[in-house]
Amino acid sequence: MNDDIAAKLGLPHLHKGWVWLVGAGPGDPGLITLLGLRALQDADYILYDALVDEALLALSDAEKIYAGKRAGVRSCKQDEICDLLVTLARQGHRVLRLKGGDPFVFGRGGEEAQALARAKIPFRIVPGITTGIGGLAYAGIPVTHRDTNHAVTFITGHGTDGKLTKLDWTAVSRGAPTMVLYMARRFAAEIADLLIAAGRRPDEPAAIVANAARPDQQVIVTTLAGLGRAAENSPALAIIVIGENVTLAGELNWLAAAQAR
Ligand code: SAH
C-alpha cells in the first residue's frame, strides 16, 4: 500500500514496542485489511499461524516465526507464543501476530491480548474476515438471508480437551436456525445425530466448505443426515454450515464465473 493512501486514510503505524494482533482472513490474500497490510509493511517480527497465506508473508522483510499448529499437533505452546510476544515487544520491536480469519473468533486471540494487557504491552486488535462469514461467502452462501434465517450461531466443534464441545445441543437445535461450525469435521456425524435426535430434519440442507477462499476450495452440499459421510470425504480444513441458507449456494456460485475469467 502506498504511503499516500495510508496518509489520506489516517492509518496508524505499528510502532516500536507494540504488538498488533491481526486477522488475515480466510485464505484469499486479497481479504486482508488495510491495517493488516500496514502491519506487514511495518513489522520487525511476524509470528504467524498455519492458516496464513505465504504470499502475504512474502510481502514483508520482517523476521518470520511460525507459531501455529500442524495436523492438530500443537507445535508451539500457547504460553510460549504469549511469552515471545511480550519479550519481543519489551525489546522494542514492532511485532505482528498474524492469524487466520479473525483473531477473536476461535483463534485464541483473546488469550494473547490478555497476556499483553497483563504485561502492560501496548497492542492493537485488527479484526479479520472470519471463515464462518467470508469463507461461506466464497461458497455463495450468505450467512444470513431474509428468506431463510434471521439468526446465525457460531460453534466450535471441539473444546479445549479435544472432545466434542459440551453444549446443550437440544437448545441449540431449537434456537439456532443456521449453525456455522468451526473445527467440527471430526465430529460431524455425532453432531448431526444429536441435532436429528433433538428434532432437526434429516433432510435439512448442510454444506462443508473446505479450503474456503483458497485456490483449492471445495463446496460439498449435502443434508444433515449425509453430513457425517460428506465430512469423511472432505479435505481436513473445513467449515460446516447447517441451515436453509445453504440452498442459495447453487444460485450464488459466483466464484466459478470469477475463476473462469
Ligand atoms: N480465527 C479463525 C478460526 C480459527 S479455528 C477464523 O476466524 O476463521 C480453525 C478452524 O477454522 C478450522 O478448523 C476450520 O474449521 C476453520 N477454517 C479456517 N480457515 C479455513 C478455510 N480456509 N477453509 C475452511 N475452514 C477454515
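Whatever comes next refers back to the structure up there.
Quantities reported herein were computed from a predicted structural model and do not represent experimental measurements. (Residues numbered from 1 in each chain as written. Predicted model: local features only at pLDDT ≥ 70, side-chain atom pairs only at ≥ 80, totals over all residues. Heavy atoms only, no water.)

A.B. asks: Mind laying out the side chain of Ser-60, listing which residues take part and the relevant values?
C.D. replies: Along the polypeptide, Ser-60 turns up in the loop between helix H3 (54-58) and strand E3 (63-66). Not counting residues up to four positions away in its chain, the partners in contact with Ser-60 are Leu-40 and Ile-46. (Helix = DSSP H or I, 4+ residues; strand = E, 2+ residues; numbered from the N terminus. Contact = heavy atoms within 4.5 Å.)

A.B. asks: Summarise the side chain of Ser-173; cite the residues concerned and give the values.
C.D. replies: The residue Ser-173 is located in helix H7 (residues 169-175) in this model. Excluding residues within four positions of it along the chain, Ser-173 makes contact with Leu-195, Ala-198 and Arg-200.

A.B. asks: Please set out the packing of aromatic side chains residue by residue, giving values where relevant.
C.D. replies: Within a pair of aromatic rings, the relevant descriptors are the distance that separates the centres and the angle that separates the planes. Tallying each qualifying case throughout the model produces four aromatic pairs. Ring centres of Tyr-138 and Trp-254 lie 4.9 Å apart, and the angle between their planes is 80°; on these two criteria the pair is classed as edge-to-face. With Tyr-138 in helix H6 (residues 131-138) and Trp-254 in helix H10 (residues 254-260), this residue pair connects regions lying 116 residues apart in the sequence. What makes Tyr-138 buried here is its relative accessible area of 14%. Three or more aromatic residues joined by ring pairs make a cluster, and in this case those are Phe-106, Phe-154 and Tyr-182. (Phe/Tyr/Trp six-rings, centres within 6.5 Å; stacked < 30°, edge-to-face > 60°. Buried < 20%, exposed > 50% of the residue type's maximum accessible area, 1.4 Å probe, protein only.)

A.B. asks: Outline the site of the ligand, listing residues and values.
C.D. replies: Surveying the vicinity of the ligand reveals 18 residues, the closest of which are Val-105, Thr-130, Thr-131, Ala-212 and Ala-238. For the ligand, a nitrogen atom lies 2.8 Å from a polar atom in the backbone of Val-105. A distance of 2.6 Å is found between an oxygen atom of the ligand and a side-chain nitrogen or oxygen belonging to Thr-130. Taking 540 Å² as the accessible area of the ligand by itself, protein coverage stands at 91%. Residue composition of the shell around the ligand, grouped by class: eleven nonpolar, five polar and two charged. (Near = heavy atom within 4 Å. Polar contact = N/O pair within 3.5 Å; in protein donor to acceptor, adjacent residues only side chain to side chain. Areas by Shrake-Rupley, 256 points an atom, 1.4 Å probe, with all protein chains shown as cover. Nonpolar A, V, L, I, M, F, W, Y, C, P; charged D, E, K, R; others polar.)

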